[in-house]
Amino acid sequence: MGNILNVLITGGAGFVGSHLVERFISKKYNVTVIDNLLTGSKKNLEPFLENENFTFIDFDVQNHIEISQDLDYVLHLASAASPKAYTQHPINTLKAGSIGTINTLGLAKAKSCKYLLTSTSEVYGDPQISPQPETYWGNVNPNGVRSMYDEAKRFAEAAVASYNRIYNLDTRIVRLFNTYGPKMKINDGRVVTNFISQAIKGEDITIYGNGNQTRSFCFIDDTVLGIIKAMESDSSEVFNIGNPNEITILQLAEKVISLTNSKSAIKFVKLPEDDPMQRKPDITKANKKLNWFPEVSLEDGLLKTIEWVENSID
Ligand SMILES: NC(=O)c1ccc[n+]([C@@H]2O[C@H](COP(=O)([O-])OP(=O)(O)OC[C@H]3O[C@@H](n4cnc5c(N)ncnc54)[C@H](O)[C@@H]3O)[C@@H](O)[C@H]2O)c1
């Protein structure tokens with residue numbers, strides 16, 4: 001592309017957002033982050049805070065957003081994202097997905113710029129087909145314990161689709177499946193960091209249920225590349241971004257124990273309500289239309305994440 005672009009990222013102080021900031025700054029783009037630091041941290045942005053191409057705005061996306069500069073891209077990531085965080089902040093999660101999406105769409109419309117929403121595999125709920133293609137409508141409990149997140153994202157998708165249809169706004173939606181890697185919050189209950197920190201400390205590894213439920217884990221570098229390819233593409237479409245390599249939670253626990261040389265034992269505890277039994281993305285579309293495919297193996301990704309967790313806990 002070659003041009004210097006102006007990029008606005010909501011939720012840029014979080015795990016995925018701060019990696020996107022890093023990529024865009026390395027392209028010499030001007031990057032503005034809007035984040036209320038609900039679940040993110042300014043520490044993730046430390047390397048860029050003094051950079052003249054970087055601006056941080058401490059702001060909640062449920063409020064009207066005014067930005068004076070021209071924008072080329074708006075990426076709306078702001079939302080609590082882990083079950084622990086969205087259960088702690090249900091109303092903010094609903095507002096970030098609903099009002100926050102409308103506000104960021106309005107901003108993109110005013111700036112006539114490209115727009116991207118990070119949606120989630122949670123829109124598929126507890127899926128009745130596997131792998132899940134983008135055409136699957138999902139099996140979601142509309143008022144269950146995870147509904148503040150799942151339904152906010154489903155509303156967000158509907159809002160994006162409407163702005164695209166009515167105003168011809170240049171939008172795309174990426175449905176992220178479980179992503180892991182450095183800069184993840186260690187204590188927010190997500191399974192990869194949970195297992196790694198328990199293994200490093202020699203504590204019991206806690207598995208919810210019998211461990212036969214499956215997930216597919218995508219390393220952050222692959223996820224970020226998928227998001228950027230979707231942003232740069234001319235396709236106003238929905239793309240699954242995830243790694244189709246499906247494993248059971250029990251296999252993940254065993255892998256983490258072996259890679260950390262841990263003496264931890266595995267402990268089985270009660271499965272939370274509405275925990276999906278199966279997750280595996282069908283990424284044929286992203287592969288064909290974005291020429292994207294995850295490349296980092298689970299073992300390599302876990303080793304990088306283990307190193308990061310080791311350096312982050314005392
Ligand atoms: N990490 C994953 O595995 C995954 C999977 C599916 C979807 N996603 C989506 O990707 C996006 C980023 O997730 P993440 O893993 O980086 O989570 P994260 O919690 O690390 O980052 C989210 C960021 O949004 C900010 N935020 C939350 N509510 C806000 C509000 N009302 N106003 C302004 N800022 C707000 C938080 O402070 C945080 O910095 C989210 O939209 C999430 O739904 C992530």
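Residues numbered from 1 in each chain as written. Predicted model: local features only at pLDDT ≥ 70, side-chain atom pairs only at ≥ 80, totals over all residues. Heavy atoms only, no water.

Visitor: Before we move on, could you go through the packing of helix 1 (residues 15-26) against helix 7 (residues 220-232) and cite the residues and values that matter?
Guide: Interhelical geometry of helix 1 versus helix 7 gives an angle of 65° and a closest axis separation of 10 Å. Looking at the two axes, helix 1 sits roughly perpendicular to helix 7. The element helix 1 and its partner helix 7 pack so that their crossing is right-handed. Within the contact between the two elements, helix 1 uses F15, V16, H19, L20, R23 and F24 and helix 7 uses I220, D221, V224, L225, I227 and I228. Within the contact of helix 1 with helix 7, the residues separate by chemical class into nine nonpolar, one polar and two charged. (Axes fitted to C-alpha atoms, helices over the stretch in contact; angles between N-to-C directions. Helix = DSSP H or I, 4+ residues; strand = E, 2+ residues; numbered from the N terminus. Parallel < 35°, antiparallel > 145°, perpendicular 65-115°, else oblique. Left-handed = near helix turned anticlockwise from the far one by under 90°. Contact = heavy atoms within 4.5 Å. Nonpolar A, V, L, I, M, F, W, Y, C, P; charged D, E, K, R; others polar.)

Visitor: Please set out the nonpolar core residue by residue, giving values where relevant.
Guide: Formed by 58 residues in total, the largest nonpolar core has its most connected members in I9, L20, V21, F24, V31, F54 and L75. Listed in part, the 22 residues of the second largest apolar core include I65, A78, A156 and A159. (Core = buried A, V, L, I, M, F, W, Y, C linked by side-chain atoms within 4.5 Å. Buried < 20%, exposed > 50% of the residue type's maximum accessible area, 1.4 Å probe, protein only.)

Visitor: Pulling in residues and values, what's your account of the side chain of T93?
Guide: Among the structural elements, T93 can be located in helix 3 (residues 90-97). Side-chain polar atoms of T93 contact the backbone oxygen of H89, separated by 2.6 Å. Beyond its immediate chain neighbours, meaning those up to four positions away, T93 contacts S79, A80, Y86, M148, Y149 and A152. (Polar contact = N/O pair within 3.5 Å; in protein donor to acceptor, adjacent residues only side chain to side chain.)

Visitor: Talk me through a nonpolar patch on the surface; I want residue IDs and the actual numbers.
Guide: Residues Y208, L271 and M277 make up a contiguous nonpolar surface patch of roughly 240 Å² in combined accessible area. Checked against the element boundaries, L271 lands in the loop between strand 13 (266-269) and helix 9 (284-290). According to the relative accessible area criterion, L271 is partly exposed, its value standing at 30%. (Patch = residues over 30% accessible without salt bridge, like charges linked within 9 Å, V, L, I, M, F, W, Y side chains within 5 Å. Areas by Shrake-Rupley, 256 points an atom, 1.4 Å probe, with all protein chains shown as cover. Salt bridge = Lys/Arg side-chain N within 4 Å of Asp/Glu carboxyl O.)

Visitor: Could you give an account of the site of the ligand, naming the residues involved and the relevant values?
Guide: By nearness alone, 31 residues border the ligand, and D35, T39, L77, Y149 and K153 come closest of all. Between the ligand and F15, the relevant distance is 2.8 Å, taken from an oxygen atom to a main-chain nitrogen or oxygen of the residue. Protein contact buries 96% of the 820 Å² of open area that the ligand shows by itself. Broken down by element, the residue count for the shell around the ligand peaks at three residues, all from strand 5 (residues 114-120). Here the shell around the ligand is built from residues that sort into 15 nonpolar, twelve polar and four charged. (Near = heavy atom within 4 Å.)

Visitor: Any chance you could break down the pattern of salt bridges for me, citing the residues and the numbers?
Guide: Applying the stated criterion to the full structure yields eleven salt bridges. Residue K289 is joined to E237 by a salt bridge in which the shortest nitrogen-to-oxygen separation is 3.0 Å. Of the two residues, K289 is situated in helix 9 and E237 in the loop between helix 7 and strand 11 (238-241); the sequence distance between them amounts to 52 residues. Residue E237 is classed as partly exposed on the basis of its relative accessible area, which comes to 23%. The salt bridge partner of K255 is E299, with a shortest N-O separation of 3.7 Å. Taken together, the residues K255 in helix 8 (residues 249-259) and E299 in helix 10 (residues 298-312) connect sequence positions 44 residues apart. On the basis of relative accessibility, which here comes to 28%, the residue K255 falls in the partly exposed class. Look at E299 and you get partly exposed, because its relative accessible area is 37%.

Visitor: Residues and numbers for the sheet that holds strand 6 (residues 171-176), please.
Guide: The pairing of strands in a sheet happens through backbone hydrogen bonds and is either parallel or antiparallel. Spatial ordering of the open sheet is given by 3-2-1-4-5-6-11, a layout of seven strands whose pairing is parallel. Edge positions in the open sheet fall to strand 3 (54-58) and strand 11, since each of these has one partner strand only. Put simply, the sheet's adjacent strands are angled 20° from each other on average, direction ignored. Sheet analysis places strand 4 (residues 73-76) next to strand 5, joined by four bridges and oriented parallel. If you follow V74 over to strand 5, its bridge partner there is Y115. The sheet strands contacting helix 1 are strand 1 (6-10), strand 2 (30-35), strand 3 and strand 4, and the helix crosses strand 1 at an angle near 170°. Against the sheet, helix 5 (residues 147-167) makes contact with strand 5 and strand 6, and its axis sits at roughly 155° relative to strand 5, the strand it touches most. (Pairing = 2+ DSSP bridges.)

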